[in-house]
Amino acid sequence: QVQLVESGGGLVQAGGSLRLSCAASGFRFWHIILRMGWYRQAPGKERELVATISSTGNLVYSDSVKGRFTISRDSAKNTVFLEMNRVHPEDTAVYYCNVNVQRRGLIDDRDYWGQGTQVTVSS
């Protein structure tokens, strides 16, 4: 079935850069990808949106990362990236890849999630 695999997480110093990748596989012809993006969750906090990119190219960023992070995609490969620049210790979290899809001929949509990749920013 559908599988999302994140990579690129790790330990980075404050002010440094990191690039996350998410490769999605297992989609069938009846799947329509509406949106791909990244969410994160720090210990004791709710999962929050980081950035998303829609099938039409519409971009959404959280205020906390705007100007520092860049989301991009390779639609042909069903892959989404997150370029993290000038990272802060507050960016430390588990980052989850998300894909929102709709089946052709149906109105319902559903979300698929990756297992998450840890990003730790040291000061």
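Relevant structure appears above.
So, how was this worked out
Residues numbered from 1 in each chain as written. Predicted model: local features only at pLDDT ≥ 70, side-chain atom pairs only at ≥ 80, totals over all residues. Heavy atoms only, no water. Helix = DSSP H or I, 4+ residues; strand = E, 2+ residues; numbered from the N terminus. Polar contact = N/O pair within 3.5 Å; in protein donor to acceptor, adjacent residues only side chain to side chain. Contact = heavy atoms within 4.5 Å. Phe/Tyr/Trp six-rings, centres within 6.5 Å; stacked < 30°, edge-to-face > 60°. Buried < 20%, exposed > 50% of the residue type's maximum accessible area, 1.4 Å probe, protein only.

(A) Focus on the side chain of Arg40. Along the chain, Arg40 falls in strand E4 (residues 31–41). A polar contact is formed between the side chain of Arg40 and the side chain of Ser64, at a distance of 3.3 Å. Beyond its immediate chain neighbours, meaning those up to four positions away, Arg40 contacts Glu46, Arg47, Glu48, Val50, Ser64, Val65, Phe69, Glu90, Asp91, Ala93, Val94 and Tyr95.

(B) Local environment of the environment of Gly10. When you line up the elements, Gly10 lands in strand E2 (residues 10–13). Linking Gly10 and Thr120, residues 110 residues apart in sequence, is a C-alpha distance of 6.1 Å. Apart from residues lying up to four places away in sequence, Gly10 is in contact with Leu18, Gln118, Val119 and Thr120.

(C) View of the packing of aromatic side chains. If you walk through the whole model with that rule in mind, you get three aromatic pairs. Centroid distance Phe29 to Trp30: 5.0 Å. Interplanar angle 80°. Geometry classified as edge-to-face. For Trp30, a relative accessible area of 27% translates into the label partly exposed. Taken together, a centroid distance of 5.1 Å and an interplanar angle of 65° make the contact between Tyr39 and Trp113 edge-to-face. Note that Tyr39 is positioned in strand E4 and Trp113 in strand E10 (residues 109–113), a separation of 74 residues in sequence. Looking at Trp113, the relative accessible area reads 36%, which means it is partly exposed.

None of this, on its own, says anything about what the molecule does.
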